[in-house]
Amino acid sequence: MNQPVTYELKRSHRKTLSLKICQDGRIEVHAPFYLPEKNIQAWITEKTDWIYQKQEEILNAAKARASFTVLPGMTLLYLGREYPVRLQEGEKAGFDGDAFWIPGKGPESDKSALITLYRQMADQYIRSRVLWYAEQFDFHPQKIRIHTAETRWGSCSHQGNLNFSWKLIMAPPDAVDAVVVHELCHLHEFNHSALFWKEVYRICPNYSAQKKVLAHLHKRLTHENWRKEL
């Protein structure tokens with residue numbers, strides 16, 4: 001039988017209960033000021049098995065990220081395909097269409113060099129897809145930026161600036177296009193209304209299938225530590 005769940009209770013002027021499992025395994029419960037703690041505890045008790053399952057998954061993913069390194073012999077993704085990693089002399093990482101090449105200066109230095117390379121590749125490829133769709137479907141984006149967001153593939157600002165995670169370059173071309181189309185459509189409909197989704201599916205009929213592809217990639221990346229500062 002599972003032990004009672006230990007959690008940190010945070011009250012606010014909200015109307016519903018919610019639960020968050022942090023990356024370090026801590027559990028936060030957000031509750032309305034008026035709700036008795038016995039009601040909160042009963043709600044938690046009903047979810048005990050699910051909570052412990054998710055907590056274990058998050059902790060295991062954190063351990064995998066902590067131990068993730070880039071080594072010769074492993075493979076890395078580019079536009080949905082796996083390419084081997086090989087050593088080369090020099091300071092920079094490279095890609096020749098058949099393999100990724102790393103300097104061999106050490107796991108963290110090699111990872112940093114690869115991120116720089118990935119960002120350059122993402123900027124070139126994603127920018128070209130944005131401009132292609134913009135021309136074909138009369139979109140007028142302002143700036144196009146490649147960033148390091150951990151949780152979003154792309155975003156669109158009120159000023160018409162489009163932002164894309166460099167990790168999107170790991171996805172297959174159709175999945176990249178789906179994200180590009182999604183953000184471009186926000187230039188016409190800055191919401192997720194029926195009109196917005198009609199436009200998305202008009203341009204990208206296989207959008208739902210590509211969302212599943214991206215979800216699978218996201219799951220893989222939760223076990224890979226690609227943070228620039230490490």
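The numbers attached to residues start from 1 for each chain and follow its sequence in the written order. Where local features are concerned, this predicted model is filtered to residues with pLDDT of at least 70; where side-chain atom pairs are given and counted, the filter is 80 or more; whole-chain, interface and lining totals use all residues. As a convention, hydrogens and water are excluded, and side-chain values are obtained from all of the structure's heavy atoms.

Caption draft 1: Inspection of the overall build of the protein chain at higher detail. Every helix listed is a DSSP run of H or I at least four residues long, and every strand listed is a run of E at least two residues long, numbered separately from the N terminus. When you go through the protein chain residue by residue, the secondary structure sums to 6 helices and 10 strands. Over its C-alpha atoms, taken along the principal directions, the protein chain stretches across nearly 60 × 50 × 30 Å. The 230 residues of the protein chain split such that 41% are buried. Within the structure as shown, the protein chain displays about 13400 Å² of accessible surface, and the carbon and sulfur contribution to it stands at 52%. The sign given to each residue is positive for Lys and Arg and negative for Asp and Glu; His and the chain ends receive no count. Where a charge sits is defined by one atom per residue type, namely NZ (Lys), CZ (Arg), CG (Asp) or CD (Glu). Within the protein chain, the 26 negative side-chain charges are centred at a point lying 5 Å from the centre of the 31 positive side-chain charges. A simple rule labels every residue: compare its accessible area, found with a 1.4 Å probe on the protein chains alone, to the largest value its type can have, and call it buried under 20%, exposed over 50%, or partly exposed in between. Shrake-Rupley sampling with a 1.4 Å probe provides the accessible areas, and residues are treated as covered by the protein chains on show and by no other component.

Caption draft 2: Representation of the sheet that holds strand S4 (residues 75-78) within the structure. One open sheet holds the 4 strands; their spatial order is S4-S5-S7-S6, and the pairing between them is mixed. The sheet is open, and its two borders are formed by S4 and strand S6 (94-95), each paired with just one other strand. Paired strands, in this sense, are two strands between which DSSP finds at least two bridges. As judged from the 3 bridges shared by strand S5 (residues 81-87) and strand S7 (residues 100-102), these two strands associate in the parallel manner. Along S7, the bridge assignment pairs Arg86 with Trp101. It only takes one pair of heavy atoms within 4.5 Å for two residues to be counted as in contact. To obtain an axis, a line is fitted to C-alpha atoms, over the contacting stretch when the element is a helix, and the angle between two such axes runs from 0 to 180 degrees between their N-to-C directions. Its contacts with the sheet put helix H3 (residues 107-137) on S4, S6 and S7, and the angle it makes with S7 is roughly 140°.

Caption draft 3: Broad picture of the packing of helix H4 (residues 173-185) against helix H5 (residues 194-203). Packing of H4 against H5 leaves a shortest axis separation of 9 Å and a crossing angle of 145°. Judged by the sense of rotation from one axis to the other, the crossing of H4 with H5 is right-handed. Within the contact between the two elements, H4 uses Val181, His182 and Cys185 and H5 uses Phe196, Trp197, Glu199, Val200 and Ile203. The residue makeup of the contact of H4 with H5, split by class, is 6 nonpolar, 1 polar and 1 charged. Should the near helix be turned anticlockwise from the far one by less than a right angle, the crossing is termed left-handed; should it be turned clockwise, right-handed. Residues are grouped as follows: Ala, Val, Leu, Ile, Met, Phe, Trp, Tyr, Cys and Pro are nonpolar; Asp, Glu, Lys and Arg are charged; all remaining types, including Gly, are polar.

Caption draft 4: Highlighting the sheet that holds strand S3 (residues 27-32). Pairing is mixed across the open sheet formed by 3 strands, whose spatial order is S1-S3-S2. The open sheet is flanked by strand S1 (8-12) and strand S2 (18-21), the only strands paired with a single partner. Strand-to-strand twist in this sheet, taken as the mean axis angle between neighbours without regard to direction, amounts to 25°. Pairing analysis gives 4 bridges linking S2 to S3, with the strands arranged antiparallel. Bridge pairing links Lys20 to Glu28 in S3.

Caption draft 5: How the structure looks around the pattern of salt bridges. In the sections that follow, a salt bridge refers to a side-chain nitrogen of Lys or Arg positioned within 4 Å of a carboxyl oxygen of Asp or Glu. Counted according to the given criterion, the structure contains 10 salt bridges. A salt bridge links Asp123 to Arg127; its shortest N-O distance comes to 2.9 Å. In this pair, Asp123 and Arg127 both sit in helix H3, 4 residues apart, roughly one turn of the helix. Overall, the relative accessible area of 29% leaves Asp123 in the partly exposed class. The network of salt bridges with common partners includes Glu8, Lys10, Asp24, Arg26 and Glu28.

Caption draft 6: Seen up close, the environment of Thr48. Here Thr48 shows up in helix H2 (residues 48-67). Assessed through its relative accessible area of 12%, Thr48 is described here as buried. Measuring from C-alpha to C-alpha, the distance between Thr48 and Glu189 comes to 41 Å, with 141 residues separating the pair along the chain. Within polar-contact distance, the side chain of Thr48 engages the backbone oxygen of Thr45 at 2.9 Å. Pairs of N or O atoms within 3.5 Å make up the polar contacts considered here, provided that, within protein, one atom can donate a hydrogen while the other can accept it, and that residues adjacent in sequence are counted only when both atoms are side-chain atoms.

Caption draft 7: Fine view of the confidence of the model for the protein chain. pLDDT measures how confident the predictor is about each residue, on a scale from 0 to 100. Across the protein chain, the average pLDDT comes to 91, with 97% of residues at or above 70. Averaged pLDDT values for the elements of the protein chain fall to 83 in H2 and rise to 98 in H4.

Caption draft 8: Up close: the side chain of Ser165. Topologically, Ser165 is positioned in strand S10 (residues 162-165). Exposure remark for Ser165: the relative accessible area of 2% places this residue in the buried category. Not counting the four nearest positions on each side in its chain, Ser165 is found in contact with Ile126, Ile146, His147, Ala149, Arg152 and Trp153.

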